[in-house]
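Fold and geometry: a report
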Amino acid sequence: MSKIIVIGSGVIGLGCASYLTRFGHEVTLIDRVEPGRATSYGNAGGIANTFVAPLAMPGLMKKYIKYYLDPEGPVSFRWSHMPALLPFMYQFFRNCRPERVKECSEALAAFMPPAYEAWEPLFKDAGLMPLVRHNGGLWVYKDDATLDKDMPFWNSRRNAGLEFHRLNDDELRQSEPAVSRDWKAAVLEPDWHSVANPFDISAGLAKHLRERGANFVQAEVRGFEKGADGVSAVVTDKGNYSGDKILIAAGVWSKRMAAQLGSKVPLESQRGYHVTLPNAGLETRHLVVVGSAKVAISTLNIGVRIVGASAFPGVDAPADWSQAKMVLAWGKRVLPDLNTEGMTEWFGERPLTPDSIPVMGRSPHHKNVFYAFGHSHMGLTTGGITGRLMAQLMSDQQMPIDMNPYRIDRRY
Ligand SMILES: Cc1cc2nc3c(=O)[nH]c(=O)nc-3n(C[C@H](O)[C@H](O)[C@H](O)COP(=O)(O)OP(=O)(O)OC[C@H]3O[C@@H](n4cnc5c(N)ncnc54)[C@H](O)[C@@H]3O)c2cc1C
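Because the structure is predicted, anything quoted here is derived from the model rather than measured. (Residues numbered from 1 in each chain as written. Predicted model: local features only at pLDDT ≥ 70, side-chain atom pairs only at ≥ 80, totals over all residues. Heavy atoms only, no water.)

**Let's talk about the environment of Asn279**
Topologically, Asn279 is positioned in the loop between strand E15 (268-277) and strand E16 (287-290). You can call Asn279 partly exposed: its relative accessible area is 39%. Once the C-alpha coordinates of Asn279 and Thr340 are considered, the two residues, 61 residues apart in sequence, prove to be 6.8 Å apart. With sequence-adjacent residues up to four places away left out, Asn279 is seen in contact with Asn339, Glu341 and Gly342. (Helix = DSSP H or I, 4+ residues; strand = E, 2+ residues; numbered from the N terminus. Buried < 20%, exposed > 50% of the residue type's maximum accessible area, 1.4 Å probe, protein only. Contact = heavy atoms within 4.5 Å.)

And the structure:
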């Protein structure tokens, strides 16, 4: 049994802490905000375990330019951040080469498929199953011709042995009656689960962790004290905390901490926005995805939430609420009867690596330091499986998969 400090109580830190306590370790979580209040607060609630494609794909640069030039496109940049962003973008676009896409997809497919299975025991223990639905994901398309153009993407899933069903106009109407008749083709991913409220999931996991004896400290991590055997203390604005092992799971903010510990990681915020409509006046049965606009729609216990946008303004840059308006406009194209009264807007910082593969592993410089961050648009999906893998690694168990593709010092 070890004394472990987990920095970050987003859904990744909580998934890791939950498995670490199950493995018998004594866990302290340090976060400057309430558990689940940062990026993990406002996602779409999808547990999309078949989403094993990296973001960087052949033709992406052309697509990004098109999206950027379209005022309603999902991609945006902040020019003052460009000099800092360029090296990342260079690495990101290099990963669009087919041989890299294959390697990155294989690395994602090696750990993601059991994502829900890893969450389920944690949700059951924490009494969270009433929030979980096995309702599938529904990708909507304007027509068959548009869907046909996307078939290389779907065929790559088929080649990976993942199940999906193509729906025609009638089948789409029957399975999702709220969707506008302008959308005439769809693909159903039956494996997906979703949660009725991502924040309730984080809060529920945190409550259960407290009941099992985990300690929560609300403090800002400032740095680390280093000794002969690795990191001897985590330095915070509320004092120093020591543990046998330290796990950095601080989302996009992990970059600075890793740099303090000798590891330079290309990690950027791919900022996303949501609008939540408490009086939407309708419900969706599935997690509905508009692939062409990078928008997803989900019915939560607090209303209909529409998420989207792929903005690169730099971490903690001011909000650009026109992105939330764009997300809402797309939602209305799919669900024209939406009532927006009482709508709230939000943004969160998806932690993105250039190869879309998260970092899960040991520090090459400090033997008691471990990392789990960079889960981009899939952190809720993969929080449980990341937690299980990290608990196995940090307990010196034999690993069920090769962990080399997730090393912090890999070639990005
Ligand atoms: C619009 C949107 C929709 C999304 N939809 C989905 C979806 O449907 N399904 C899915 O799987 N994923 C989705 N995601 C992605 C998912 O939300 C993220 O991958 C996930 O939340 C990342 O979790 P995390 O724990 O790594 O980061 P965070 O939730 O950001 O947690 C990191 C924590 O570290 C803390 N921290 C940072 N620095 C310090 C410091 N110096 N001191 C103390 N604490 C610190 C922060 O306060 C924070 O609480 C979506 C994301 C967005 C933005």
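**Focus: helix H2 (residues 60-69)**
Taken residue by residue, H2 has Leu60, Tyr64 and Tyr67 as its buried positions. On an axial view of H2, the arc spanned by its buried residues comes to 65°, and they lie on one face. Looking at H2, the residues exposed on the side facing more than 90 degrees away from the buried face are Lys62, Lys66 and Leu69. Contacts from the buried residues of H2 go to strand E4 (75-77), helix H3 (82-94), E15 and strand E18 (303-312). (Arc of directions from axis to C-beta.)

**Here's the deal with the packing of helix H5 (residues 115-125) against helix H12 (residues 379-394)**
Remark: H5 packs on H12, axes separated minimally by 7 Å, with the N-to-C direction vectors making an angle of 75°. It follows from the interaxial angle that H5 and H12 lie roughly perpendicular. Along its contact with H5, which presents Ala115, Glu117, Ala118 and Trp119, the element H12 presents Leu380, Thr381, Gly383, Gly384, Ile385 and Arg388. (Axes fitted to C-alpha atoms, helices over the stretch in contact; angles between N-to-C directions. Parallel < 35°, antiparallel > 145°, perpendicular 65-115°, else oblique.)

**A word on the packing of aromatic side chains**
Within the structure shown, the criterion is met by 25 aromatic pairs. Here the aromatic rings of Trp139 and Phe153 are separated by 5.5 Å at their centres, their planes lie at 50°, and the arrangement is tilted. Of this pair, Trp139 sits in strand E6 (residues 137-141) while Phe153 sits in helix H7 (residues 151-159), placing them 14 residues apart in sequence. When sorted by exposure, Trp139 lands in the same class as Phe153, which is buried. Aromatic side chains Tyr273 and Trp321 sit 5.7 Å apart centroid to centroid with 80° between the ring planes, which places their arrangement in the edge-to-face category. You can see Tyr273 sitting in strand E15 and its partner Trp321 sitting in the loop between E18 and helix H11 (322-334), a full 48 residues away along the chain. According to the relative accessible area criterion, Tyr273 is buried, its value standing at 2%. Members of the aromatic cluster, connected to one another through ring pairs, are Tyr64, Tyr67, Tyr68, Phe77, Trp79, Phe88, Phe92, Phe93 and Phe312. One residue, Arg32, lies across the ring of Trp253, its end atom 5.0 Å from the ring centre. (Phe/Tyr/Trp six-rings, centres within 6.5 Å; stacked < 30°, edge-to-face > 60°. Lys NZ or Arg CZ within 6 Å of the ring centre and 35° of its normal.)

**Things to note about the side chain of Thr353**
Along the polypeptide, Thr353 turns up in the loop between strand E19 (344-352) and strand E20 (359-362). Within the structure, Thr353 has its side chain in polar contact with the side chain of Asp355 (distance 3.0 Å). A polar side-chain atom of Thr353 sits 2.9 Å from the main-chain carbonyl oxygen of Ile357. Filtering out sequence-adjacent residues up to four positions away, Thr353 remains in contact with Phe88, Pro266, Leu267, Val359, Gly374, Arg410 and Tyr412. (Polar contact = N/O pair within 3.5 Å; in protein donor to acceptor, adjacent residues only side chain to side chain.)

None of this, on its own, says anything about what the molecule does.
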